[in-house]
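Residue-level listing of the chains:
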Amino acid sequence: MPTGTLIVQTRAARGALPVVGATVTVYCPDANGVLQPCITERTDMSGSTPPIELETPSLENASPEAVPPFATYRVDIDHPDYRPVTVLDVAMFSGIPTTLPVVMTPPRSVEEQRKKLIINSAELGPTGSGVK
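Residues numbered from 1 in each chain as written. Predicted model: local features only at pLDDT ≥ 70, side-chain atom pairs only at ≥ 80, totals over all residues. Heavy atoms only, no water.

### What about the overall build of the protein?
Summing up its helical and strand segments, the protein has one helix and nine strands in all. In the protein, the succession of helices and strands from N to C terminus is β-β-β-β-β-β-β-β-α-β. Across the protein, the fraction of contacts at a sequence separation of at least 24, relative to all contacts at a separation of at least 6, is 59%. A total of about 7800 Å² of accessible surface is found on the protein, and carbon and sulfur atoms cover 55% of it. (Helix = DSSP H or I, 4+ residues; strand = E, 2+ residues; numbered from the N terminus. Contact = heavy atoms within 4.5 Å. Areas by Shrake-Rupley, 256 points an atom, 1.4 Å probe, with all protein chains shown as cover.)

### Considering the pattern of salt bridges
Summed over the entire model, instances satisfying the criterion amount to one salt bridge. Ionic pairing is found between Asp-76 and Arg-74, a salt bridge with its closest N-O pair at 2.8 Å. By relative accessible area, which is 3% here, Asp-76 ends up buried. (Salt bridge = Lys/Arg side-chain N within 4 Å of Asp/Glu carboxyl O. Buried < 20%, exposed > 50% of the residue type's maximum accessible area, 1.4 Å probe, protein only.)

### Considerations on the state of the cysteines
Throughout the structure, instances matching the rule amount to one disulfide. Between Cys-28 and Cys-38 runs a disulfide, and the two sulfur atoms are separated by 1.9 Å. Around the S-S axis, the bridge from Cys-28 to Cys-38 shows a dihedral of about 45° and counts as right-handed. Taken together, the positions of Cys-28 in strand 3 (residues 23–29) and Cys-38 in strand 4 (residues 35–42) put the pair 10 residues apart, joining distant regions of the chain. (Disulfide = S-S within 2.5 Å.)

### Brief notes about the packing of aromatic side chains
In this structure the tally under the stated criterion is one aromatic pair. The ring of Tyr-27 has Arg-74 lying over it, and the distance from NZ or CZ to the ring centre is 4.2 Å. (Phe/Tyr/Trp six-rings, centres within 6.5 Å; stacked < 30°, edge-to-face > 60°. Lys NZ or Arg CZ within 6 Å of the ring centre and 35° of its normal.)

### Some details on the environment of Val-103
Along the chain, the position of Val-103 falls in strand 8 (residues 97–103). Overall, the relative accessible area of 44% leaves Val-103 in the partly exposed class. Linking Val-103 and Thr-10, residues 93 residues apart in sequence, is a C-alpha distance of 5.9 Å. Among residues more than four places away in sequence, those in contact with Val-103 are Arg-11 and Val-85.

Printed below as a string of structure tokens:
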């Protein structure tokens with residue numbers, strides 16, 4: 001099956017600092033279409049994951065009436081010093097690298113540490129910051 005490449009880039013302090021050591025978990029659909037954790041990586045000194053290869057439909061055989069020409073994945077990003085983030089519906093195309101920029105926010109309180117920020121990738125602007 002064809003694949004696409006995903007790189008997650010984590011930043012903090014309004015994008016000025018990389019978040020080193022964040023755990024990035026990608027969820028893949030199982031045979032029944034239920035999302036299961038399938039790949040886990042850690043961010044490096046630059047705040048980025050290594051390239052993650054994910055299955056995608058072939059662009060050559062894509063038909064708008066049948067299968068969309070992309071696959072979608074859920075991505076969770078966790079770090080003990082920041083609020084966890086979940087990005088839903090990250091679109092992956094065959095043979096096309098995708099960079100997912102994620103801005104991490106430090107918690108304001110212990111209670112806020114337990115809250116998870118959920119982002120639908122369709123709501124992200126062109127920079128991935130949520131600003132349209």
